[in-house]
Every structure is written in structure tokens, then in C-alpha cells.
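Residue-level structure breakdown
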Amino acid sequence: MSFRTTSSAFDYVEDVSPGSGALPPRAWYASSDAKALSLDGAWRFRLSATADAEDDSFAEEGYDAAGWAEVTVPGHWVLQGDGAFGLPIYTNHLYPFPVDPPHVPTENPTGDHLRVFDLPEDWPADGGAVIRFDGVESCARVWLNGTDIGEFKGSRLAHEFAVGHLLKPKGNVLAVRVHQWSAGSYLEDQDQWWLPGIFREVTLLHRPAGGVLDFFVHASYDHLTGEGTLRVDSDVDGRVLVPALDIDVATGESVTALVAPWSAESPRLYDGELVTEGERVPLRIGFRTVVLEDGLIKVNGKAVLFKGVNRHEWHPEKGRTLDLATMREDVLLMKRHNINAVRTSHYPPHPAFLDLCDEYGLWVIDECDLETHGFTEQDWRDNPVDDDRWTPALLDRAARMVERDKNHPSIVFWSLGNEAGTGRGLTAMAEWIHGRDPERLVHYEGDWNCRDTDVYSRMYAFHGEVEQIGKRLDGGTQGRRELPFIQCEYGHAMGNGPGGLADYQELFEKYDRLQGGFIWEWIDHGVQHPELGYAYGGDFGEELHDGNFVCDGLIFPDRTPSPGLIEYKKVIEPVRIEGADGTVRVTNKYDFADLSQLAFEWSYQVDGETVEAGTLAVPALAPGESADLKLPESPAHEGAEAQWTVRALLASDTAWAEKGHVVAWGQLPASSPVRPSVAATDRPVRGERLITLGPASFDGRTGALKAIGGVAVESPRLDVWRATTDNDEGTEWNSGIQYSALWRTLGLHRMRHRLGAVELDEDALTVRTRVAPAAREVGLNVVYRWTSDGSRLRLTVSVGPDGEWTQPLPRLGIRLGLSEADQVRWFGGGPGEAYPDTRKASMVGRWDATVDELQTPYLRPQENGARADVRWVELGGLRIEGDPEFSFTARRWTTEQLDAATHLTDLRAGDTVWVNLDHGHHGVGSQSCGPGPLPQYHLRAEPAAFSFVFSVID
Ligand code: IPT
């Protein structure tokens, strides 16, 4: 048994200071000629339950660690060892330990890491060396060859130690003790998994005599003259070379040249080099100027509109250890989905990610590794950002971010952190950053008075308030009133949704002051799990957790886009294509680029099938300009529905997508949908046990449909329930809307059907019912009226609310079961799912998919996969036409099973395919953290009538 002693050997763990022994922070770069040795790979590993369980003898040379386990560095130990090294913990803002700053629990998983290495043969004998740690969570003490070289906190920041004097050619022993919890944990309360370990690279860097130390590239752009001005300040004097611009200038001196500027749309980088006596360092220079002017964020003289996303680093097996290919995949996916900005929530990312942002073009808000959100539970008492004792740690974090990342042209904002309340420490950070880098702006959302910031930033503000802000009617401090506005988080992408993005975008485009926003968030943080598929909070037995709130991304953990990303791509497309009557209006919505990099195509569809296509000459419109273009003479479309589809494609290959990649599209109707008509010529006939009408047979007693021709149908009946989405679950603390609870209290998930009458007339079979939940007096009077022309069968459903309905309905339609269905074809919206407030990306056309392909694999199963605006669908031997258009889902499980499942692995295919044909759906909204569906997307309990026509496909 070990006891916490009063000895000071472990005091650093709970010390609020950032640490000791590390070198001052500096720019992160890869030298052209100085040697580097990666220390990544297998390390010896020993896990202890407390910080002080073991002494430091393991750091001594000659220590025998043969009996230890191994872990891979970089990596999190809780994601290795199949549970033998502890498990991940997910909490949103609650600290998973008592709030007792700066103290942390005695149970403090501590991983001793050991690595023995030789210097390569060609390692220079002269000069110095540093060991660089790019990321260790949350606190580490380091020894080299038995010498204690220091300790540090600041998990997602780089730390370097001078070690040249300690190195020997062979048998160097690098020992690193990592504590999961430390005083630093109080500053790292981000909404993510707690994952201890050396999770980014460890590198030994040779430092040649006369080598580059730190340098700061200042590269501005004058949009009036087209000139760029370059000055590289360097700790060590040298020369700056930029061959393409004929630049060869001393460090510290300015030089001006005509340049192409850098922007997220045209990320022009100039290759250069910084040459000192002992080293050459490559530079990638982007000329651009960021200012706050006329109350707007302007880059190179133009106001920009952020179409952004919040990105946490995530990999389903590796946690926050990302390789270059994965980072590139993120950037490519963003670019291909019209995203132009990233907020690195809520810490500086791996530096290579920022290189990619420079290269491919993304505006970046680089955020400091700081969040103290859990103090909200105690009204922010003892918040470290308002306690001078912590200020050195805050300033250290600010400096480590700015110094490491300052040479990236993509970064336009430094962010102080996230959800840390307000306090003097934040002001100190902002002052330091403004002083160190006056050429960028400062962001922080938590201070609505905008004392320290250059932008008024909010998260999840509802549409109405955003509009007030856009109109400058929101008041606030004098300082704030002069500032532009962004939503650093909005459109909470948890599960099905987010709804209402298009409505936000309309506001952003309407009011200058609104400079866009950043969707929360990029990726679902599901953890690959042998039994559960992807695990989320609670799946590792955490005593305190926030469930699947960690799965709220635009892409699934395996990085396949979710429908939310497809919708966002459409909503933020940089070209608007709209129109009517054979004239298409094309508008350039880029901030900088003209349309010369795009090619335009038109096609003409009759009943969803393309019958003609061609190219469209669109002038190289400047940003903001529109052109009205006449489409060719439309071909005949007798009795059929016709439409134009116009697409904007990349005219040639780019770094991020190939020629032909669709950037934007629009559809223009050329006629209205054609409604099915069935003459009611047949008469229902009562047989012994069955009633027959046209091709259909019904139960003689209940009037329930049994079969259409040879196709057995489990009786269609009214359905109002959907497996509640994460947004239907809602939150108490944000929007206050929790439809799931309201609907379940009312009993909409357990409606009963009372049969009133079965009536046979001349031309129709009519079944009258009342559909209502137990214990309530409200109900829906539902009349099913069946008619037929002998071969086709028409059902008209009339719904009349009875009693006082105060809640919207989840859905309104019918459901039926088919015994055999697999291939599905339809004419309507597709190819993906769409709900009333998430249907911009739904394109009218002919689509097909298997039943399995229709499912959207939200990690926590919920309503999904509805195809909207459907004219007809064919599946299971039936053709079903709608009057009016409808939406459908088809699944191998019931809504009840979907509703009950907690993971995708709970869903088991049954024998029946359950089909919902919906007249309406309640909007999806974003109330898992934000506004509910806007009123225009509510599905009210109101009188409604809708029809379907069934026929057997031969
Ligand atoms: C907001 C956080 O900033 C973000 O990290 C994440 O937790 C998000 O919510 C929800 O997923 S904070 C919230 C109180 C609005």
C-alpha cells in the first residue's frame, strides 16, 4: 500500500505553475539540414494507480524494464492493452474528479514510459540537441540518462528540453512519467474523452551551431497596390530567400514585391528559405493582411464570410493521435464540402494540420488549450482564469500556442480558449497576444462584453437573436456594438440533423455584420469497440458521463460524411443557382474568386430521367455578381413532370478535388408534379371472410388490407411515432425543448386504434377509426377510404384531431409491412435523407438503393433515412404513388426496435420490411444544443388528407 507523503517529490503534479526546465516556446518547423531522430515506436510501459507509487529509479541507466508492458508512442495508454491499462472516460463539462483546485485525486493513473535509443552513425558530434514533446496528457516529468530535465503541463502544446550535454552515442535512456490528472487538468475541461498518454510525437532534434532558433514571418498584402511586404524576424541573423520573387534579403529587413495574395480560396504559397550560418529552414509564405475595419473582419481588403466547422482531433482507434493521412483526409473532406474555415476546438491541433490548412486553403481560428467549464457548476467560484496564481500557466499556454503556430498564413484569429467564464487571466492572455502579434485578431466566446476580443462571438444563438445582432439591435457594451459577429459554434450536428442551417445562412448572407459561423462539430468521437461497434460515454463503465453527447459530428467516426455534411455543403455552396421559366440566375458567392475555375452544365429531366444535357456558358462573374442566362428551348414533356438541373463543376483538377467535382447545383421546375388519378370504378365485394376491391383483399371484419394482387401487406395504418432523435431528446439547459419527453408523456409512442366502422359503398371501402393514447382524451379521427379502377388501388387517409392538441406530432403517415423487399427505386428527393428543415441537399431525380443502404448509421439509433418529396417508390413488388408527394422510410426493424436500441449492434434484421409513407414530419431542429425547429417546420395536429396509389409491378 502506498500513502501520499508530504515529500515534495510529487508536488509538481498539483502545482499551478506550467512546469520547469522546458525551453522557451518557438516556431515549429522541420529543418532542411539539421538531423532529427524520431523516438516514436514501442516504449516500455508501467502503469501505477497513484502518482507516487513508484520512485524514480526507473529513470536510471541500467534499470531493468524487461518485465514491463509496452505501449506505442504516440498513443493513449487507455486505448491500448485491451483494458489492462484503464479505460477512456467521457464527460462534457463535468470534471471527473472533485472540484478542489489545484488538487487531484490520489487515484491518479500514472504511466512510466521508457525508451532506450542510440544516436545514428551520422549524428553530428558538435552542436546541441533538444527533445521535443508535441503532446502529452496531462503532466509529464522527464529524465534523460538519469538526469531530471524537468516537468510540464499543457497537453496539446509542444515542450522542448535542451539535452545536448546529456547525450551519448549509444544506450541513451529517456524516461517519461505521465500523470493522468494534474493541476493542468483543471484547464483542460473540454467536451471530449479524457485520454492520458504521450499522444503526439517525441523527437530528438540536433541543433547545429549557428542554427535557426525562433523566427517570425511577417507577410502582408496591400490590396490597393497588389504588393506584398515580407519581413522575417529571426533570433539568429541570416538571409531570407524567395526565388519566385527574386527575394534575397537579410532577416529583420522588409522587402516589397508584386505578389499573388493568400486566401482560403486561392492559397498561394511562396516557397522560401531562411538561411543562417548553421542551418537552412524551409518557409512557406502566404501574403495576406487581416484587419478589423468598418466593424468587419477583412482579409486583403475584403470582408470574409466564414463557412466553418469546429474540429476536435479524432480517430476511432487512436483517439487524438492522428497521422498525416488522416489529417489530410479531414482537410480534403472539408474543401470538397465547401467549408472554408476551421476553429481548432479547443486546443492547438497537431502542427501538420495547420500546414495543410496553409496548403489547401482554410481560414483558421487557432484556439488555446484552455477550458474550465466545470466551474460553472459552482457559479464559477475559484475559476482559475480569475485567480492570479494561475495566470503564469495561462500565459504559458498562450505563448506556446502563438509561438509554435505564428508562421501559418491560414491563422487569422487566436482564440483564448473555450468556456472558461471570464477573468483577469484571460485579459492578461489577450493583452500578451495582441502585443506579440498585432497582425492577427483575438477571439474568445465567453466574454459577451467583448472586453478582450476583436469579434463578438457566440454559440448556439437562436435565429431570432442572430437577426437582431445582424440589424445591430442587440445593444451590449459600446465596444461590442462596433464589432462584427460570428457564431463560433452553431448547428449542433448530433444524430439526425442539424436542422435550420439554411435559415442561418440566409441571415449570414443578409447582414454584413454577421460573418458566418462554425458548425459544432466535425466528427463523432465514437471509440471502436469489439461488441458495440462504436462506443460512447458510459460504455466503459464510467461513474459519471455524458452518454452520446460526444457523437455530434458532420462525419461518422470512420469519416464517412453524414447527411448533415451533405446538407451543409449545399447550404454554403459558393455559387447560387436558381431561377424559373427557362432562365437560370447564377450568383458568385465567393469572397475573392471569380467563376473562371468552374464549368457549368445543364440537363433536362422528364419524370426524373435526363433526356438532354449540355454546357452552359457562364461569364467569369466577380464576387457578388449575378447573371441571368437563358436555357435552351425545352423539349416536349407531354403529361410528364419536367425540370432543369444546372451544376457548377471544377473546370480542371485542383489540389483538393478532380475536374468535374460538383461545387454547386440548382434545379428549376419546368412543370408541376403529375398527380396520380384512379377512377373509382370498382365496387367492394364482401366474401366469406374477405372483402375484395380491385386487386386488393381486406379482412372482412376489420377492413384491414391483407394483400394487393400476390403481394401480402401487413395492414397499413396511421403512424405518428418516430424513434426520437438526439434533437428530439433536446436539453433542459439550452433550448429547453425536449419533444421526446413531451411526446412520451402524451403517449404518442403507444397509440391505440379503435375500429369505428367498416362501410362498403358503390365505389369505396371506408374504414373509420379513432387513434389515441391510453390515459388521454386527445385523439385523431382517422378515415381510410379505398377505391380502385380494377387494377390500381387508391387509399385516401383523412385525419381530424379530436380534443385539445398542444404538441406537434413527430410524423404523420401510414406504416405497413412487406414480407419481401430489398431493392428500392424512387422518383423524388435523394440520394440521401431529408427532413423538413434539412432538405436543401435533396435533389429531385430517379434514385435506387437497397433497404440496407437507406439506413443512416447514427451511432445512437434514431429516426433516419427518410427520402423526401417522393412522387413514387417501388419496392417489394409494389409501386406506390403519392398525392401529394410524400416521404418514405423502409427498414428491417420496427420503429419500436429502433427507438429501444442504444447502439447499431442492437438492431437485428427481421423478416418484415417496415415501410413508413409520411405526409409530414416534424422538423429536426438543433435542440440537442441550440434552437428547435423554426415554426414553419412544425408538424401541427391539424386536419389533413393525403393519398397513395398502389399497384403491383409485373
Ligand atoms: C459547447 C462547448 O463549447 C462545446 O465544447 C461542446 O460541448 C458543445 O457545447 C456541445 O456539444 S458549450 C454549451 C454550454 C453550449
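A quick note: this is a predicted structure, and the numbers were derived from the prediction, not measured.

Cut-offs applied
- Residues numbered from 1 in each chain as written.
- Predicted model: local features only at pLDDT ≥ 70, side-chain atom pairs only at ≥ 80, totals over all residues.
- Heavy atoms only, no water.
- Salt bridge = Lys/Arg side-chain N within 4 Å of Asp/Glu carboxyl O.
- Helix = DSSP H or I, 4+ residues; strand = E, 2+ residues; numbered from the N terminus.
- Buried < 20%, exposed > 50% of the residue type's maximum accessible area, 1.4 Å probe, protein only.
- Near = heavy atom within 4 Å.
- Polar contact = N/O pair within 3.5 Å; in protein donor to acceptor, adjacent residues only side chain to side chain.
- Areas by Shrake-Rupley, 256 points an atom, 1.4 Å probe, with all protein chains shown as cover.
- Nonpolar A, V, L, I, M, F, W, Y, C, P; charged D, E, K, R; others polar.
- Contact = heavy atoms within 4.5 Å.
- Domains from an automatic or database assignment.
- Buried area = accessible area lost by both parts, 1.4 Å probe.
- Pairing = 2+ DSSP bridges.
- Axes fitted to C-alpha atoms, helices over the stretch in contact; angles between N-to-C directions.

1. With respect to the pattern of salt bridges
Evaluation of the coordinates by the stated rule reveals 67 salt bridges. A salt bridge links glutamate 279 to arginine 207, with the shortest nitrogen-to-oxygen separation between them at 2.7 Å. Of the two residues, glutamate 279 is situated in the loop between β21 (270–276) and β22 (280–285) and arginine 207 in strand β15 (residues 202–207); the sequence distance between them amounts to 72 residues. The class for arginine 207 is buried, based on a relative accessible area of 13%.

2. Some words on the site of the ligand
Taken together, 15 residues lie around the ligand, and Asp191, His346, Asn418, Glu489 and His492 are the ones closest in. For the ligand, an oxygen atom lies 2.8 Å from a polar atom in the side chain of glutamate 489. Between histidine 492 and the ligand, the recorded distance is 2.7 Å, taken from a side-chain N or O atom to an oxygen atom. About the coverage of the ligand: the protein hides 92% of its 390 Å² of free accessible area. Grouping the amino acids of the shell around the ligand by side-chain chemistry returns six nonpolar, five polar and four charged.

3. Considering the side chain of serine 138
Tracing the backbone shows serine 138 in the loop between β8 (136–137) and β9 (139–144). Here the side chain of serine 138 touches glutamine 180 through a polar contact of 3.1 Å, landing on its backbone oxygen. Not counting residues within four places of it along the chain, the set of residues in contact with serine 138 comprises Phe152, Lys153, Gly154, Ser155, Val178, His179, Gln180, Trp181, Ser182, Ser185 and Glu188.

4. Notes on the domain arrangement of the protein chain
When cut into domains, the protein chain gives domain 1 (11–207), domain 2 (292–570), domain 3 (573–669) and domain 4 (685–952). Distance from the C-alpha centre of domain 3 to the C-alpha centre of domain 4: 35 Å. If you look at the interface, domain 3 gives nine residues, while domain 4 gives nine residues. At the boundary of domain 3 with domain 4, total buried surface from both sides reaches about 750 Å², with 51% on carbon and sulfur atoms.

5. What to know about the sheet that holds β22
Sheet architecture is open: four strands sit in the order β19-β18-β21-β22, paired in antiparallel fashion. Of all strands in the sheet, those bounded by a partner on one side alone are β19 (247–250) and β22. Each adjacent strand pair in this sheet contributes to an overall mean axis angle of 20°, direction not counted. The sheet contact formed by strand β18 (residues 238–242) and β21 spans four bridges and is antiparallel. When the bridges of β21 are listed, leucine 241 appears paired with glutamate 273.

6. A short note on helix α2 (residues 351–360)
Because each turn of an α-helix spans 3.6 residues, side chains separated by three or four positions in sequence point in the same direction. Counting buried positions over the 10 residues of α2 gives eight, a clear majority of the element. If you check which residues of α2 are buried, you get Pro351, Ala352, Phe353, Leu354, Leu356, Cys357, Asp358 and Tyr360. On its buried face, α2 sits against β22, α1 (324–336), β27 (341–343), β28 (363–367), α3 (391–405) and β29 (411–415). Looking one or two residues beyond α2, the residue adopting positive phi is glycine 361, at roughly 95°.

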